[in-house]
Amino acid sequence: MTVTTTKSFDFHCHVDLFPDPAGLIQSCEQYEIFTLAVTTTPKAWSQNRKWTEGKRYVFPALGLHPELVGDRKSEIGLLEDLMEETRLVGEIGLDGSPRFRKSWDAQIEVFSRALTRANALGGRVVSIHSRWAENDVVALLDQNAMPDRVIPILHWYSGSQSAARRAVEYGCYFSVNLPMLSSKSGRKLIDVVPLDRLLTETDAPFTSVADRSCTPVDTVQIAKQLAALKQMPEGEFRDALSGNARRVLSFADIR
Ligand code: MN
């Protein structure tokens, strides 16, 4: 990948949950949209790696989603083993909402172990889910990872502004999607996050626009809306976003 020619950046997309992953990957390549293909179980890793082999714009990330930890806690060993193969990790994190609260202790263990492993290997970029658990996510980052070994990207952040400030202080980046931009709290978050920590994402296929599922190309529109919120000329804002992406990706040795 050459970041300078990249049209836009999707730092959190579930490519493997689309009906035609290979076709989606082909369109990301064609439109030169960097796409981080996050996964929800380490068992999906080998297939995602095959789909993305030799691609210039689409890169797989190794994950174990907190919503699945209740059933798949035993897969943490596989995640730790496979992390040697990739510097891109996600989706991992914590979900403290009522539906997933029963697996909370297991989530803490899995997330801590994933961060510890990423930190030991170093040079890892991690896409993090933090619903109803923002303060705990930052606390576990503090305990288990060093900002010069692991770059955390908080995806679809929906917590308080004070927790966001703590995350910024730690060194977190924030990947922003369309639903965040149409909510008041999401737009307020943009005030708290410094320009040099902003990234874009879709979390597709879990987001939609005009009755269709979002795809990575929709990050072009997200960047446009973010530029307006930051009251910046679009070109200047895009340059800043590219700079952020380049910083994060070169940390993971992707250029
Ligand atoms: Mn996701």
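Further up the page is the structure itself.
Figured I'd write up the structure that's included with this text. (Residues numbered from 1 in each chain as written. Predicted model: local features only at pLDDT ≥ 70, side-chain atom pairs only at ≥ 80, totals over all residues. Heavy atoms only, no water.)

**Looking at the overall build of the protein chain**
Moving on, step 1. Summing up its helical and strand segments, the protein chain has 11 helices and 10 strands in all.
Moving on, step 2. The C-alpha atoms of the protein chain give 17 Å as radius of gyration, which agrees with the globular expectation for 255 residues (18 Å, within 12%).
Moving on, step 3. With the C-alpha coordinates of the protein chain rotated into their principal frame, the extents come out at 45 × 40 × 35 Å.
Moving on, step 4. For the protein chain, long-range pairs separated by at least 24 residues make up 73% of all intrachain contacts whose partners lie at least 6 apart in sequence.
Moving on, step 5. Counting every atom, the protein chain has about 10,900 Å² of accessible surface; 49% of that belongs to carbon and sulfur.
Moving on, step 6. The distance from the centre of the 30 positive side-chain charges to the centre of the 32 negative ones in the protein chain is 2 Å. (Helix = DSSP H or I, 4+ residues; strand = E, 2+ residues; numbered from the N terminus. Rg over C-alpha atoms; globule rule 2.2 N^0.38 Å. Contact = heavy atoms within 4.5 Å. Areas by Shrake-Rupley, 256 points an atom, 1.4 Å probe, with all protein chains shown as cover. Lys, Arg positive; Asp, Glu negative; His and termini not counted. Charge placed at Lys NZ, Arg CZ, Asp CG, Glu CD.)

**Let's talk about the coordination of the manganese ion**
Moving on, step 1. Note on the manganese ion: its protein donors are His12 (NE2), His14 (NE2), Glu91 (OE) and Asp203 (OD). The metal-donor distances range over 2.2 to 2.4 Å.
Moving on, step 2. Along the chain, the residues that donate to the manganese ion are spaced as H-x1-H-x76-E-x111-D. With His12 in strand S1 (residues 8–13) and Asp203 in the loop between strand S8 (198–200) and strand S9 (208–209), this pair connects stretches of sequence that are 191 residues apart. Asp203 shares its class with His12; the two are buried. (Donors = N, O, S within 2.8 Å, 3.2 Å for Na, K, Ca; no water. Buried < 20%, exposed > 50% of the residue type's maximum accessible area, 1.4 Å probe, protein only.)

**Comments concerning the sheet that holds strand S5 (residues 124–129)**
Moving on, step 1. One open sheet accounts for five strands, arranged S4-S5-S6-S7-S8; its pairing is parallel. Edge strands, defined here as strands with exactly one partner in the open sheet, are strand S4 (88–93) and S8. This sheet shows a mean twist of 30° between the axes of neighbouring strands, independent of strand direction.
Moving on, step 2. Relative to strand S7 (residues 173–176), strand S6 (residues 150–155) is paired through three bridges, and the arrangement is parallel. Within S7, the residue paired with His155 across the bridge is Ser175. (Pairing = 2+ DSSP bridges. Axes fitted to C-alpha atoms, helices over the stretch in contact; angles between N-to-C directions.)

**Section: the packing of helix H6 (residues 134–144) against helix H7 (residues 161–170)**
Moving on, step 1. Close contact between H6 and H7 brings their axes to 9 Å; oriented N to C, the two are set at 20°. On the basis of the axis angle, H6 is roughly parallel to H7. Seen along the crossing, H6 lies across H7 with a hand that is left-handed. Every residue of H7 that contacts H6 at Glu134, Asn135, Val138, Leu141 and Asp142 is listed here: Ala163, Arg166, Ala167 and Tyr170.
Moving on, step 2. Looking at the contact of H6 with H7, its residues break down into five nonpolar, one polar and three charged. (Parallel < 35°, antiparallel > 145°, perpendicular 65-115°, else oblique. Left-handed = near helix turned anticlockwise from the far one by under 90°. Nonpolar A, V, L, I, M, F, W, Y, C, P; charged D, E, K, R; others polar.)

**Some points on unusual backbone geometry**
Moving on, step 1. With omega at 15°, the peptide bond leading from Gly90 into Glu91 counts as cis.
Moving on, step 2. Tracing the backbone through its elements, the reader meets Glu91 in strand S4.
Moving on, step 3. Geometrically, the link from Ala204 to Pro205 is a cis peptide bond, its omega value of 5° lying close to zero.
Moving on, step 4. Within the element layout of this structure, Pro205 appears in the loop between S8 and S9.
Moving on, step 5. Look at Asp211: it is not a glycine, yet its phi comes out positive at around 65°.
Moving on, step 6. Relative to the helices and strands, Asp211 resides in the loop between S9 and strand S10 (212–213).
Moving on, step 7. Despite not being glycine, Gln231 has its phi angle at roughly 50°, a positive value.
Moving on, step 8. With respect to the helices, strands and loops of the structure, Gln231 is situated in the loop between helix H10 (219–229) and helix H11 (234–251).
Moving on, step 9. Of the residues examined, Gln231 reaches a relative accessible area of 75% and is grouped as exposed.

**Description of the pairing of S4**
Moving on, step 1. The buried fraction of S4 is high, at six of six residues.
Moving on, step 2. Two elements, S4 and S5, share four bridges in a ladder whose sense is parallel. Counterpart to Leu88 in the pairing with S5 is Val125.
Moving on, step 3. Handedness of the β-α-β unit built from S4, helix H5 (residues 104–121) and S5 comes out right-handed. (Right-handed = clockwise from strand over helix to strand, strands pointing away.)

**Description of the packing of H5 against H6**
Moving on, step 1. At their nearest, the axes of H5 and H6 sit 9 Å apart, and the two run at 40° to each other. Classed by the angle they form, the pair H5 and H6 counts as oblique. Handedness of the crossing formed by H5 with H6: right-handed. Within the contact between the two elements, H5 uses Trp104, Ile108, Phe111, Ser112, Leu115, Thr116 and Asn119 and H6 uses Asp136, Val137, Leu140, Leu141 and Asn144.
Moving on, step 2. Looking at the contact of H5 with H6 residue by residue, the classes come out as seven nonpolar, four polar and one charged.

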